[in-house]
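Spelled out from the first residue to the last, the chains are:
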Amino acid sequence: MPRRAVIKNHTLEALLFKRRALVAAIFSVLILLVLLARLVYLQFFEFSHFASLSENNRVRLSPLVPNRGLIYDRNGVVLAENRPSYQLELIPEQINDMQQTLSDLGEIVVLDDDVLKRFKRLLKRSRKFEGVPLRTKLSEEEVAKLAVNRHRFLGVEVKATLGRFYPLSKSMAHVVGYVGRIDENELKRVDEANYKGSTHIGKTGIERYYEDQLHGLVGYKNIFRSVQGRELRVLDKIPPVPGSNLWLTLDARLQKVAEKALQGFSGSVVVMKPHTGEILAMVSLPAFDPNLFVHGISHKDYSRLRDSPDRPLFNRSIMGQYPPGSTVKPFVGLGGLETRSIGYKEQINCTGHYLLPNEERKYRDWKKTGHGLVDLNISIEQSCDVYYYELAYRMGINRIHNFLHQFGFGEKTGVDLLGERSGLLPSREWKKKAKNKIWFPGETLITGIGQGYMLTTPLQLASATSILAMRGQVHPPHLLSQIEEAGNDEKTNIEWQEKESVKLKREVNWRHSIEGMVSVLHSIRGTARSSGYGLNFKMAGKTGTAQVFGIAQDAEYDEETIAKKLRDHALFVSFAPHIDPKIAVAVIAENGSHGSSVAAPIARKVVDEWLRTNEGRVDK
Amino acid sequence: MSGIQDKYYYPSFSLRLMRALHLDHVLLFGIGALLIVGLVVLYSAGDESAALINRQLTRIGLALVVMLIVAQIPSSTLRFWSPWMYIVGVVLLVLVLVMGDVGKGAQRWLDLGFVRFQPSEMMKLVTPMMIAWYFSDKPLPPSWKTLFFAAFLILIPTFLIARQPDLGTSLLVFAAGFFVLFLGGLSWRLMIGLGVLGASMLPVLWHFMHDYQRGRVMTLLDPQRDPLGAGYHIIQSQIAIGSGGVYGRGWLNGSQSHLNFLPEQSTDFIFAVFAEEFGLIGGIFLLVLYGFIIIRGLVIAVQGQDTYARLLGGSLSLTFFVYLFVNVGMVSGILPVVGVPLPLISYGGTSMVTLLAAFGMLMSINSHRKIWSK
């Protein structure tokens, strides 16, 4: 096969290259012409079309953020407001010597390295005529100093923005809650159009529950922008509708008193008006400063709050679930009378312990020597356990469950807060379903004294006590009293529906149970007698102790040697006066050991404070 | 000054300096003009940021130094090193795929510890060098065997880069290699045949494309399909170009770019800023300037010393043209969105260095000719 010549012919190759290069050049020019044709098409023939599209781009719809509604207590004390927060801004195009300006400003306000670094970063990205934030949260003093030195600084501005502020700080942290920056999940939950431009949203408490009312409706303006983005003129404008102001049932002063009384303990105090369901105070300790969350809480502060073993972020009043202990006795006793399991005057001999038939285990009374012969009144007054073991045994768990259920145990009260827990009212069915185990008779006994599986929240206790105090009338607890819509001078009262009353076959049974509770404070052997002195009316109450950990059979409970964290919780529920009640209080002091010596005095302080005021005054 | 009386034969001082530095004053004029236009547009596109200009100036300075250095290297030396550079380049490309850094969803960078390096960028120069080297001792037009092997050498880096995935660079590398084949005398019949074959292979290619790449093609065919998503870039850049009209809105007055409607307005879409502010007249000026540089590059190539110099010079000139065509075609909405910068104008350092290195080679081809010819 003849091979092709392998010797290069340089002249021919140069010629070939020349031809090919010429083709390429012509081809390139043709393509340039194609590009040119495209430009002519876009810029000459379609010019007016694109020019008008470009004009449209210069019109911008920008949202006008509504002011958030304020929150007041029942007397008009501000619980949440919008305060101007001052921010220092620099307008680059008006400043000749940025370095000099920054060092001059540094003599007036605090500018640390982080602030300067962030500013320099922002400066690069910003437009020349727009204010670039240098410092946020200026103090009043700094604002004043800047005002005095204003003439020295051209292009330096102090800008006021509205930020949420909680004047009472810790006191209302759990109930009122706080706002914080909107996150992605929250944006999905709300109507995104209405939150255009909004930066904050209610995260917890009233701020969260009534977010829709507090937020208001966003407004819009259409602006025509210059090439640089400067606002030239407003084409049209829909003003925003500010959020509604909320008036709560809370009394800030009473809240403070309750908070102070509980000070030193973790726990909760819930105060209600039993005849309306209005919540007067709702304290949960320890608390936190909600203002920390508004402008973004620092990582350090947050992990400190989150990881604290005392759980300050946790609203114990509605989320804390505690065994009710002996505070449940007036209810169980009432159930005993109502189901005719026991007579009002019937006596049971308390020997200090109780034995179930065919069982060896001893169910002990808190008093080792026993209370002797005990009727209903004495059983409540002295909190005799054996009486309730016997009563519970006679009633059986089904009847106990069904009777207590009417007082809202084991159910959310439906208060206007999110995150409420339902507590637990045990029953045969519940145990079968939740644990797949049968119910033991012994469990009926301890349910009778509020131990075992039963759990209640402080709010539930206050609500149940209110129902008892009102002899069956059910006014569900709530926090919102009035709402003041923007543009409407009249405040609208919120009508809270009364629920179906607890009906007894014999109305007189109410009196029997309540009289037992009066004895707790006013009889010489009442467990809380020291809190009953010096009242010009009668107060009803019941102490309680909730076991934190189980004590082995026959072991002694020695509080001296038990670590504070393992001590029993102290409880007290009460209302006053015992006829036509004006106030109901539930107190839980965690690890307070004794309802009588710790929890009852707290309730007494609250009652004293409330009944001293005009609204709560008792006419004799 | 002894040369004064003989000045007919002595070029001016600046020309002599140019020659001493192995630079081509015609090409340098075109490049300089484009760089200046680029800085002017960048100042507007970058919202009048001096910092941006400073950074770009630094890059231009660096790239010019690279060009100057490359211009000193005779094309015979380049030819000698071509296969070795090609081998190193391919190895680096493989390394990138295995252990490269991921940026913007694609692996392009190789972290060498002291510097981050993009091997695909280097292949834009090395691939045509390799093919030109391969052709340099073969009779042209190439035989089938030669052609087949050359095609293989082109497709290796093309595929490796497409895998990153970096479609724009892959396209440019392929084009650079193809131009060597074309200038080397690839038969017309074969080209037409391959063209037909390629067209019929399009559905297969479609099958192998990433979703986003398919989206770009769909968007080109119908930008209104997804006006706020994939179609947004094209729509906004056409608005910018179209609203520029014949005379343009004037420097710093383009509202599309200043109100941030344009995407990537300092880099890939900078032509839209230019067209909005300088209009059709500015556009014609720019296209003519590019045409001028390309023609000058081809002229240098034609006058090249040997096969290697001619093929490399021609290929580099034409690749430069592909940059322009793909970028302007994309921004004006006649080609799909492919990440190719506007040569010598877009903000960014990597392409600037590559382009000026290529011009350095062209200048070397031009200036070393005289030393070589007897």
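Residues numbered from 1 in each chain as written. Chains lettered and ligands numbered in written order. Predicted model: local features only at pLDDT ≥ 70, side-chain atom pairs only at ≥ 80, totals over all residues.

Asks: Go over the overall build of chain B with me, naming the residues and quoting the values.
Replies: Counting its regular elements, chain B contains 14 helices and three strands. With 374 residues in all, chain B has 48% of them scored as buried. For chain B, contacts bridging at least 24 residues in sequence account for 71% of all contacts bridging at least 6. (Helix = DSSP H or I, 4+ residues; strand = E, 2+ residues; numbered from the N terminus. Buried ≥ 20, exposed ≤ 12 C-beta atoms within 10 Å, placed from the backbone. Contact = placed C-beta atoms within 7 Å.)

Asks: Describe the overall build of chain A, listing the residues and the values that go with them.
Replies: What chain A contains, in helices and strands, is 21 helices and 21 strands. Across the 620 residues that make up chain A, the buried fraction comes to 41%. Contacts in chain A between residues far apart in sequence, at least 24 positions, make up 73% of those at least 6 positions apart.

Asks: Residues and numbers for the sheet that holds strand β9 (residues 231–238) of chain A, please.
Replies: Residue and element names in this part refer to chain A. Strands sit in the order β1-β8-β9 across an open sheet of three strands; the sheet is antiparallel. Strands at the two margins of the open sheet, each flanked by one partner only, are β1 (59–64) and β9. For this sheet the average axis-to-axis angle between neighbouring strands, irrespective of direction, equals 30°. Bridging between β1 and strand β8 (residues 219–225) involves six bridges; their strand directions are antiparallel. Residue pairing in the sheet places Val-59 in a bridge with Phe-224 of β8. (Pairing = 2+ DSSP bridges. Axes fitted to C-alpha atoms, helices over the stretch in contact; angles between N-to-C directions.)

Asks: I'd like a rundown of the sheet that holds strand β19 (residues 540–546) of chain A, residues and numbers included.
Replies: Residues and elements named next belong to chain A. Strand order in the open sheet made by the five strands is β12-β11-β21-β20-β19, with antiparallel pairing throughout. The open sheet has two free edges, formed respectively by β12 (279–285) and β19, since each of these has just one partner strand. Put simply, the sheet's adjacent strands are angled 5° from each other on average, direction ignored. Looking at chain direction, β19 and strand β20 (residues 569–576) are connected through seven bridges and run antiparallel. What sits directly across from Thr-543, in β20, is Phe-572.

Asks: Break down the nonpolar core for me, with residues and values.
Replies: Counting residues in hydrophobic clusters, the biggest one holds 121 residues, and the most contacted among them are Val-269, Val-271, Val-585, Val-587 and Val-606 of chain A. A per-element tally of this core places helix α16 (residues 385–405) of chain A first, with eleven residues. (Core = buried A, V, L, I, M, F, W, Y, C linked by C-beta atoms within 7 Å.)

Asks: Got a sec to walk through the interface of chain A and chain B? Specific residues and values, please.
Replies: Counting residues at the interface gives 39 residues for chain A and 46 residues for chain B. Of all elements in the fold, only α1 (10–45) and α2 (47–57) of chain A reach the threshold of two or more residues within the side of chain A that touches chain B. With 20 residues, α1 of chain A is the largest single contributor of residues to the side of chain A that touches chain B. Looking at the side of chain A that touches chain B residue by residue, the class counts come to 21 nonpolar, seven polar and eleven charged. (Nonpolar A, V, L, I, M, F, W, Y, C, P; charged D, E, K, R; others polar.)

Asks: Explain the packing of helix α2 (residues 25–45) of chain B against helix α12 (residues 270–302) of chain B to me, using residue names and the numbers behind them.
Replies: Helix-helix packing is characterised by the crossing angle of the two axes and by the distance between the axes. Residue and element names in this part refer to chain B. Where α2 contacts α12, the two axes come as close as 10 Å, and the packing angle between them is 165°. With respect to each other, α2 and α12 are oriented roughly antiparallel. Seen from above, α2 lies across α12 with left-handed handedness. Residues Val-26, Leu-27, Gly-30, Ile-31, Ala-33, Leu-34, Val-37, Val-41, Leu-42, Ser-44 and Ala-45 of α2 pack against Ile-270, Val-273, Phe-274, Glu-277, Leu-286, Leu-289, Phe-292, Ile-293 and Arg-296 of α12. (Parallel < 35°, antiparallel > 145°, perpendicular 65-115°, else oblique. Left-handed = near helix turned anticlockwise from the far one by under 90°.)

Asks: If you had to explain the packing of helix α5 (residues 119–136) of chain B against helix α13 (residues 307–331) of chain B to someone new, which residues and values would you point to?
Replies: All names here are of chain B. Running from N to C, α5 and α13 point in directions that differ by 150°, and their axes come no closer than 8 Å. The pairing of α5 with α13 is recorded here as roughly antiparallel in orientation. In the packing of α5 onto α13, the handedness of the crossing is right-handed. Only Thr-307, Tyr-308, Leu-311, Leu-312, Ser-315, Leu-316 and Thr-319 of α13 make contact with α5, whose side of the interface consists of Lys-124, Pro-128, Met-129, Ala-132, Trp-133, Phe-135 and Ser-136. Residue composition of the contact of α5 with α13, by class: nine nonpolar, four polar and one charged.

Asks: With reference to specific residues and values, describe unusual backbone geometry.
Replies: All names here are of chain A. With omega at -5°, the peptide bond leading from Leu-285 into Pro-286 counts as cis. Within the secondary structure layout, Pro-286 lies in the loop between β12 and α11 (291–294). Omega for the peptide link from Ala-576 to Pro-577 comes to -15°, which places this bond in the cis form. Phi is positive for Asp-580, which is not a glycine, with a value near 55°. Examined against the element boundaries, Asp-580 turns out to sit in the loop between β20 and β21 (583–589). We classify Asp-580 as exposed; it has 12 C-beta atoms within 10 Å.

Asks: An account of the environment of Leu-571 of chain A is requested, with residue identities and associated values reported.
Replies: Residue and element names in this part refer to chain A. By the secondary structure assignment, Leu-571 is in strand β20. Residues Leu-571 and Asn-591 lie 20 residues apart in sequence; the distance between their C-alpha atoms is 9.9 Å. Apart from residues lying up to four places away in sequence, Leu-571 is in contact with Pro-324, Gly-325, Thr-327, Thr-543, Gly-544, Thr-545, Ala-546, Val-587, Ile-588, Gly-595 and Ala-599.

Asks: So what's going on with the confidence of the model for chain B? Residues and values would help.
Replies: Residue and element names in this part refer to chain B. Looking at chain B, the pLDDT average stands at 85 and 89% of residues meet or exceed 70. When the elements of chain B are averaged for pLDDT, strand β1 (residues 101–103) gives the smallest value, 58, and α12 the largest, 95. For this predicted complex, the interface score ipTM comes out at 0.91, while the overall pTM is 0.62. (pLDDT = per-residue confidence, 0-100.)

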